[in-house]
Amino acid sequence: MSDETKQTDSNIDFGILNSLLGYRLRRAQMNFFSKFSEVCSDLGISPGLFAVIAIVERNPGLTQTAVAQALGNDRSAMVAAVDKLEQMDIIERRPAKNDRRSYALFMTESGQQFFSRLSDRVMEHEKAMAQRLKNDKEVDWLLDILDTLAKD
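Residues numbered from 1 in each chain as written. Predicted model: local features only at pLDDT ≥ 70, side-chain atom pairs only at ≥ 80, totals over all residues. Heavy atoms only, no water.

(A) Spatial organisation of the side chain of K35. Secondary-structure assignment places K35 in helix α2 (residues 21-40). The buried charged residue K35 lacks any salt bridge partner; its closest oppositely charged side chain belongs to E38, at an N-O distance of 4.4 Å. Beyond its immediate chain neighbours, meaning those up to four positions away, K35 contacts H125, M129 and R132. (Helix = DSSP H or I, 4+ residues; strand = E, 2+ residues; numbered from the N terminus. Buried < 20%, exposed > 50% of the residue type's maximum accessible area, 1.4 Å probe, protein only. Lys, Arg positive; Asp, Glu negative; His and termini not counted. Salt bridge = Lys/Arg side-chain N within 4 Å of Asp/Glu carboxyl O. Contact = heavy atoms within 4.5 Å.)

The structure is reproduced here in structure tokens:
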């Protein structure tokens, strides 16, 4: 969140918004994403691109559609993300074995190395953000609550 926004927030009555879980979750997400950008923007990686890389790294051979569904992304947005990651030599498309109309996604060798370095940065970011909580028990509690809220 920018300094200007922080200064303005203290002068604004948010009324009902501060009692809404969705609004508070969105503000927390915006803060996490802003800090993520500070940590990873020099590498050209957004939270969304990181998620795609993380899924492909752990699940080589998934189709673009399967990755999009796993992340709750629009298929058209996935094409642009994969195009960018392919241009960065992180992910490669190969014809899917079961469906010649689809492409399976795999990490490149340089992508594996890149993801290892990137993951270290992301984990440091997460650790710094988690230090705002009291302890590991509170982190685990929050993760459980977020999982509960994310279910349909």
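(B) Expanded view of α2. Here α2 spans 28 Å end to end across 20 residues, near enough to the 28 Å set by a 1.5 Å rise per residue. Those residues of α2 lying buried are Y23, R27, N31, K35, F36 and C40. (Expected span 1.5 Å × (residues − 1).)

(C) Main features of the nonpolar core. I45, V52, I53, L85, I90, I91 and L118 are the most contacted members of the largest nonpolar core, which has 22 residues in total. When residues of this core are traced back to their parent elements, those giving at least two are α2, α3 (47-58), α4 (64-71), α5 (75-87), β2 (103-107) and α6 (109-130). Ranked by residue count, the leading element in this core is α3, at 5 residues. Discounting chain neighbours no more than four positions away, the residues touching I91 are V52, I53, V56, L85, E86, L105, F106, M107 and T108. (Core = buried A, V, L, I, M, F, W, Y, C linked by side-chain atoms within 4.5 Å.)

(D) Inspection of the environment of A81 at higher detail. One can find A81 in helix α5. Look at A81 and you get buried, because its relative accessible area is 15%. Measuring from C-alpha to C-alpha, the distance between A81 and P95 comes to 18 Å, with 14 residues separating the pair along the chain. With residues near it in sequence (within four places) discarded, A81 still touches L49 and V52.

(E) Fine view of α4. Every buried residue of α4 is listed here: Q64, V67 and A68. Summarising the axial view, the buried residues of α4 lie within an arc of 100°, below the 170-degree limit, and thus occupy one face. Opposite the buried face of α4, by more than 90 degrees, sit the exposed residues Q69 and A70. Elements that come into contact with the buried residues of α4 comprise α3, α5, β1 (91-95) and β2. Looking one or two places after α4, you find G72, whose phi comes out positive at around 70°. (Arc of directions from axis to C-beta.)

(F) Geometry of a negative patch on the surface. There is a patch of like negative charges on the surface, built from D136, D140, D144 and D147. Looking at the element boundaries, D136 is found in helix α7 (residues 136-150). The exposure class assigned to D136 is exposed, which follows from its relative accessible area of 62%. (Patch = residues over 30% accessible without salt bridge, like charges linked within 9 Å, V, L, I, M, F, W, Y side chains within 5 Å. Areas by Shrake-Rupley, 256 points an atom, 1.4 Å probe, with all protein chains shown as cover. Charge placed at Lys NZ, Arg CZ, Asp CG, Glu CD.)

(G) Looking closely at the packing of aromatic side chains. Evaluation of the coordinates by the stated rule reveals 3 aromatic pairs. With centroids separated by 6.0 Å and ring planes inclined at 35°, the aromatic side chains of F14 and Y23 adopt a geometry described as tilted. Arranged with centres 5.8 Å apart and planes meeting at 25°, the rings of F50 and F115 form a pair that is stacked. Of this pair, F50 sits in helix α3 while F115 sits in helix α6, placing them 65 residues apart in sequence. The same class applies to F50 and to F115, which are both buried. Three or more aromatic residues joined by ring pairs make a cluster, and in this case those are F36, F50 and F115. Seen from the ring of F106, R94 lies directly overhead, with NZ or CZ sitting 3.9 Å from the centre. (Phe/Tyr/Trp six-rings, centres within 6.5 Å; stacked < 30°, edge-to-face > 60°. Lys NZ or Arg CZ within 6 Å of the ring centre and 35° of its normal.)

(H) Structural context of a nonpolar patch on the surface. Where nonpolar side chains cluster on the molecular surface, the patch consists of L21, L25, W141, L142, L143, I145, L146 and L149 and spans about 720 Å² of accessible area. Mapped by element, the contributors of at least two residues to the nonpolar patch are α2 and α7. For the nonpolar patch, the leading source of residues is α7, giving 6 residues. By the secondary structure assignment, L149 is in helix α7.

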